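Here are the chains, one letter per residue:
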Amino acid sequence: MNTKRYALWTSTIVAVSLLLSGCQLLTGYQKIDEAESAEAWVGKIKPIAGEVNIACVGTYHCEIVQIDKTLIIAPNSHEPINPQIMTALPRQEGMVKTSINMDMTPLVNKNAIKVVPLAPSSMPGLTNYYARVMPAKHEVHVNFYPENNMGYVERFAMIHDFTEAGTYQLRAYQKKNSEKSGSLLDTASPEPLCIELLQGTKVQRRFCKQLDAEHQGEFVETGMAKAVTSAPKAKKMTA
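Computed from a predicted structure; not experimentally measured. (Residues numbered from 1 in each chain as written. Predicted model: local features only at pLDDT ≥ 70, side-chain atom pairs only at ≥ 80, totals over all residues. Heavy atoms only, no water.)

Asks: For this particular structure, what's the right way to read the packing of aromatic side chains?
Replies: Pairs of aromatic rings are described using the distance from one ring centre to the other and the angle between the two planes. Using the criterion set out here, one finds three aromatic pairs in the structure. Here phenylalanine 156 and phenylalanine 207 contribute two aromatic rings whose centre-to-centre distance is 4.9 Å and whose plane-to-plane angle is 75°, an arrangement assigned as edge-to-face. Here phenylalanine 156 is found in strand β10 (residues 154-162), whereas its partner phenylalanine 207 is found in strand β13 (residues 202-209), with 51 residues between them in sequence. Each member of the pair, phenylalanine 156 as well as phenylalanine 207, carries the same accessibility label: buried. Both rings, one in phenylalanine 156 and one in phenylalanine 219, keep their centres 5.9 Å apart while their planes meet at 85°; by these two values the pair is edge-to-face. Taken together, the positions of phenylalanine 156 in strand β10 and phenylalanine 219 in strand β14 (residues 218-222) put the pair 63 residues apart, joining distant regions of the chain. Taken as a pair, phenylalanine 156 and phenylalanine 219 share a single burial class, namely buried. Cluster of aromatic residues (ring-pair linked, three or more members): Phe156, Phe207 and Phe219. (Phe/Tyr/Trp six-rings, centres within 6.5 Å; stacked < 30°, edge-to-face > 60°. Helix = DSSP H or I, 4+ residues; strand = E, 2+ residues; numbered from the N terminus. Buried < 20%, exposed > 50% of the residue type's maximum accessible area, 1.4 Å probe, protein only.)

Listed below in structure tokens is the structure:
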């Protein structure tokens with residue numbers, strides 16, 4: 001298994017790059033948009049006035065594993081560590097889901113955290129959750145799974161001042177590189193994985209994995225030249 005490490009974005013976030021040679025089978029980068037239900041999950045977030053919702057999308061599976069010093073999702077079970085912070089799934093009667101068991105009581109203090117089941121993951125047997133917190137500066141850790149393979153994970157962390165209530169997404173996508181020379185090595189290499197923080201539909205921050213020799217495997221925050229109202233489409237690739 002590849003070794004991976006990560007740190008806060010302030011000291012760069014480190015993960016191992018895929019090693020590719022020749023024309024290989026499709027990787028998670030190339031299939032990143034094939035987690036077909038990911039986009040459909042977004043509308044199921046239930047906003048609560050005065051609260052911040054944090055979700056992750058864009059890969060086969062992703063997990064908000066830690067917020068501040070609170071561990072959220074267990075790495076072995078991929079389920080919430082503390083049942084007390086989990087909002088119960090809606091009761092299902094026949095083919096119709098009801099929200100009778102969905103406890104969406106407002107958070108009681110600035111340090112409170114709740115995780116809410118969002119939808120079934122593209123990885124069978126797993127669930128995607130989103131987190132509810134109060135507006136404040138938070139340290140957020142997320143595990144992204146670009147491939148349908150639990151053995152390959154991209155670990156990402158950042159500190160962000162969530163000053164406004166509302167819905168935020170950490171969206172992974174494949175960056176298009178317009179400067180490729182077309183050489184065999186260039187065309188065999190994957191496009192960089194990027195992660196954007198969206199507030200509603202507006203991109204607030206962007207982090208991209210660096211493939212150059214100096215910053216190999218690092219996620220580095222890139223400058224925002226102008227406001228972006230929608231996230232770019234990931235590039236479709238074939239072997």
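Asks: Before we go on, may I ask you to explain unusual backbone geometry in this structure?
Replies: Glycine aside, the phi torsion of most residues is negative, and most peptide linkages are trans. You will see that aspartate 68, though not glycine, has its phi angle at about 55°, which is positive. You can see aspartate 68 is positioned in the loop between β3 (61-67) and β4 (70-71). Classification of aspartate 68 as partly exposed rests on a relative accessible area of 28%. Positive phi, close to 60°, is recorded for histidine 78, a residue that is not glycine. Its place among the elements puts histidine 78 in the loop between β4 and β5 (92-93).

Asks: What is the right way to look at the pairing of strand β7 (residues 114-120) in this model?
Replies: On a regular strand, one side chain projects to one face of the sheet and the next to the other, so that they alternate. For β7, a buried count of five out of seven residues is recorded, marking the element as mostly surrounded by other parts of the structure. In this sheet, strand β8 (residues 127-133) lies alongside β7 in antiparallel orientation, the contact comprising six bridges. Residue pairing across strands places proline 120 opposite threonine 127, the latter belonging to β8. Once β7 ends, the chain turns through six residues before running back antiparallel as β8, passing glycine 125 with a positive phi of about 90°. (Pairing = 2+ DSSP bridges.)

Asks: What exactly am I supposed to notice about the state of the cysteines here?
Replies: Should the sulfur atoms of two cysteines be covalently bonded, the bond is a disulfide. If you walk through the whole model with that rule in mind, you get two disulfides. Linked covalently through their sulfurs, cysteine 56 and cysteine 62 form a disulfide whose S-S length is 2.3 Å. Its S-S torsion of about 100° marks the bond between cysteine 56 and cysteine 62 as right-handed, since a negative value means left-handed. Comparing cysteine 56 with cysteine 62, the two get one shared label, buried. Each sulfur in the disulfide pair cysteine 194 and cysteine 208 lies 2.0 Å from the other. Because the sign of the S-S torsion sets the handedness, a value of about 110° for the bond joining cysteine 194 and cysteine 208 places this disulfide among the right-handed ones. (Disulfide = S-S within 2.5 Å.)

Asks: Is there a simple way to explain the environment of isoleucine 159 in this structure?
Replies: Looking at where isoleucine 159 falls in the secondary structure, it is placed in strand β10. Of the residues examined, isoleucine 159 reaches a relative accessible area of 27% and is grouped as partly exposed. Separated by 19 residues in sequence, isoleucine 159 and valine 140 place their C-alpha atoms 6.3 Å apart.

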